[in-house]
Amino acid sequence: MNIEQLEYIIKVAEMRSISTASESLHISQAGISMAITSLEKELGIKIFKRSRLGTIPTDEGKEIIQKAYEVLSKLEEIKDKAQMHTGTMEKELRLSSTQGLFLTVLPKSLALFKKKYPDVNIVIEEKGGQEVVNDVLNNKIDIGLLNIPKKNPREDELDFQSLMEAKVIVSVSRNSPLASRKSITPTELLDQNLVFYNGPKMKEYIKDFFEQYGEMKILFLTNNTEIIKKTVAEGLAISLSYEIGINSDPYYQTGDLVPIPLVNFNNNTMKLGFVRSKKQHSSKAAKEFIKCLEFYTTTLKY
């Protein structure tokens, strides 16, 4: 038994295909098949069976594959410990983030990380929540930042961690008749023109709102947050957004935009956090960046 054999059975189990696993590992199909057959003979059991669904682990194989994950995880921990003692760090950190975290939590967390590890190259993209999850599942990124779903998908493969909660607020112009309000209810929004961020989480929120209170007058949806803020600041509409990060936003700092709590709506908070793979051992760079995320989000709570 060797490490390569354990890596092969894990990858075949993930891909459910020897051919796809061979492409991912850059190993010939014959090489992977021979390695698995040799391991099966050594252990005296069949690890995989072929079916219409692909190359599927047997019941005995599932136990062996789980143990293989544990062994490789321990090996990665050993490597990680060695890196910490030698002071080495990976040269690249790959991230994907949804818009809300991309514009608020992420910049300050990145600044903290780069101050400590200036030589690490950070590759980051703004994406929708499902795209972030897919990036983690496909091992395209080390960490994904997103709104934590109410029901976590693929719990056997994904580790979701909440960093903080954010409430929905109503943003209005300083000249709006609503600007002096201490709070506002959903029914009071029905006569207003609204602009929204064109993201899946906000669309889900709007759908829920419509079902409970009736349709709102939506002026437009856009992925350009600057246009949204300018439109609201000029008094052409109001908007719904999340309270996180408004204290450092120039529009709110100058008073051009006024945040008002939205009350009496049961879908008024969301959890913000990150997702990473349970099957890929976290790099030192990823672990250190998570510490920066946790530090910054903790400061936002107080």
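For the structure itself, consult the block above.
The structure contained in this document is the topic of the report that follows. (Residues numbered from 1 in each chain as written. Predicted model: local features only at pLDDT ≥ 70, side-chain atom pairs only at ≥ 80, totals over all residues. Heavy atoms only, no water.)

1. Some points on the layout of surface pockets
Part 1: Roughly 1300 Å³ of internal volume is contained in the largest pocket.
Part 2: Along the wall of the largest pocket there are 37 residues; nearest its centre are I10, E14, Y69, K279 and Q280.
Part 3: For the lining of the largest pocket, the secondary-structure elements that each account for two or more residues are α1 (3–15), α2 (18–25), α4 (59–86), α7 (129–137) and β11 (269–277).
Part 4: A per-element tally of the lining of the largest pocket places α4 first, with ten residues.
Part 5: Classifying every residue of the lining of the largest pocket by side-chain character gives twelve nonpolar, nine polar and 16 charged.
Part 6: The computed volume of the second largest pocket comes to approximately 1000 Å³. (1 Å grid on protein atoms, 1.4 Å probe; cavity = no way out; pocket = protein on both sides within 12 Å on 5 of 7 lines; lining within 4 Å. Points joined across faces, edges and corners; volume = space filled by probe spheres on them. Helix = DSSP H or I, 4+ residues; strand = E, 2+ residues; numbered from the N terminus. Nonpolar A, V, L, I, M, F, W, Y, C, P; charged D, E, K, R; others polar.)

2. Thoughts on the nonpolar core
Part 1: Core analysis: the biggest nonpolar cluster contains 47 residues, and L93, F113, V170 and F289 have the highest contact counts within it.
Part 2: Sort the elements by how many residues they give to this core and helix α11 (residues 284–300) lands first, with seven residues.
Part 3: Among all residues touching L93, those that are not within four sequence positions of it are F113, V120, N121, I122, V123, D142, A285, A286 and F289.
Part 4: By size, the runner-up hydrophobic cluster in this structure holds 18 residues, among which are I18, I47, I65 and Y69. (Core = buried A, V, L, I, M, F, W, Y, C linked by side-chain atoms within 4.5 Å. Buried < 20%, exposed > 50% of the residue type's maximum accessible area, 1.4 Å probe, protein only. Contact = heavy atoms within 4.5 Å.)

3. Remarks on the side chain of E157
Part 1: For E157, the position within the fold is in the loop between β5 (143–147) and β6 (158–173).
Part 2: Exposure remark for E157: the relative accessible area of 15% places this residue in the buried category.
Part 3: In this view, E157 contacts L137, R276, S277, K278 and K279; residues no more than four positions away in its chain are not counted.

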